[in-house]
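What follows is each chain in one-letter form.
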Amino acid sequence: MGGNKVQVKRLQQQRAGLRRRMMKSTDTRLKATDRTKTDPKKSKNDEPKISERPQGSSAMFFQYNTQLGPPYHILVDTNFVNFSIKNKLDIIKTMMDCLYAKCIPYVTDCVVAELEKLGQKFKLALRIIKDPRFERLHCMHRGTYADDCLVQRVTQHKCYIVATNDKDLKRRIRKIPGVPIMNVAMNRYVIERMPDAFEPMAKK
């Protein structure tokens, strides 16, 4: 009797091992005809859902932004002008020293309005951005919040570098692919996220 029990137990273990080794219906080694058409684990509602995604900019087709290149178009923020004055930096000359190419600074109506609101203390900054070498961009939206205006512009047009020292604005710009940031640091201008194709020779 004892021998029979051992044999039965051995047979049960062998069958259990065979069951474990059996291929699942979803196994890639099986041919399409051998697979079961319906998977019991999947419900009837598990059909692929169509989701809409915003269309990416055509400038970002390659690894870097193809619209960036000399002459560089630089969107200037309010505090960037103020930091440049504090560090006694000539904005256009220092930009060209940083990028080794011609630079065209741009100011929006929002930035001008912000500086006008700040009063007499920032009269010099207002006079600098009204220089004819600065290109003026007219805003079509309501309000004078410059950060939203700059973010909206660089999202739509990938040809700009954003010049700012505002931490919150820099955090927002970093989320937009292909938009480099220029800021004032250590008494000079520093560029971040600039593609290798247009990397200034100063960094080599």
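Above this text is the structure in question.
What you see is a predicted model; the values in this text were computed from it and never measured.

A. Highlighting the overall build of the protein chain. When you go through the protein chain residue by residue, the secondary structure sums to seven helices and six strands. For the protein chain, the α and β elements follow one another from N to C terminus as α-β-α-α-β-α-α-β-α-β-α-β-β. Considering the protein chain as a whole, with its 204 residues, one finds that 35% of them fall into the buried category. Partitioning the contacts of the protein chain with sequence separation of at least 6, the portion at a separation of at least 24 is 63%.

B. Here's a closer look at the nonpolar core. Membership of the largest hydrophobic core comes to 33 residues, with the highest contact counts inside it found for Ile74, Phe80, Met95, Leu99, Ile161, Met182 and Tyr189. With five residues, helix α3 (residues 91–99) is the largest single contributor of residues to this core.

C. Focus on the sheet that holds strand β5 (residues 181–185). The sheet built from six strands is open, its strands ordered β3-β2-β1-β4-β5-β6 with mixed pairing. Edge positions in the open sheet fall to β3 (135–137) and β6 (188–192), since each of these has one partner strand only. Each strand axis lies, on average, 35 degrees off the axis of its neighbour in the sheet, ignoring direction. Examined bridge by bridge, strand β1 (residues 72–76) and strand β4 (residues 160–163) share four bridges and lie parallel to one another. Residue pairing for β4: Ile74 is matched across the bridge by Ile161. Its contacts with the sheet place helix α7 (residues 167–174) against β4, β5 and β6, and it is angled at close to 150 degrees to β5.

So, how was this worked out
Each chain has its residues counted from 1, following the order in which its sequence is written. Predicted model: local features are reported for residues with pLDDT of at least 70 only, side-chain atom pairs are reported and counted for 80 or more only, and whole-chain, interface and lining totals are derived from all residues. Just so you know, side-chain values use all the structure's heavy atoms and leave hydrogens and water out. For the purposes of this entry, the term helix denotes a DSSP run of H or I that reaches at least four residues, the term strand denotes a run of E that reaches at least two, and both are numbered from the N terminus. For the exposure calls, accessible area comes from a 1.4 Å probe over protein chains only, and a residue counts as buried if that area is under 20% of its type's maximum, exposed if over 50%, partly exposed in between. Two residues form a contact once any of their heavy atoms are found within 4.5 Å. Only buried Ala, Val, Leu, Ile, Met, Phe, Trp, Tyr and Cys residues count toward a nonpolar core, and they belong to the same one when joined by side-chain atoms within 4.5 Å. Strand pairing is defined by DSSP finding a minimum of two bridges between the two strands. A fitted line through C-alpha atoms represents every axis, and for helices the fit uses only the stretch in contact; the resulting angles, taken between N-to-C directions, go from 0 to 180 degrees.

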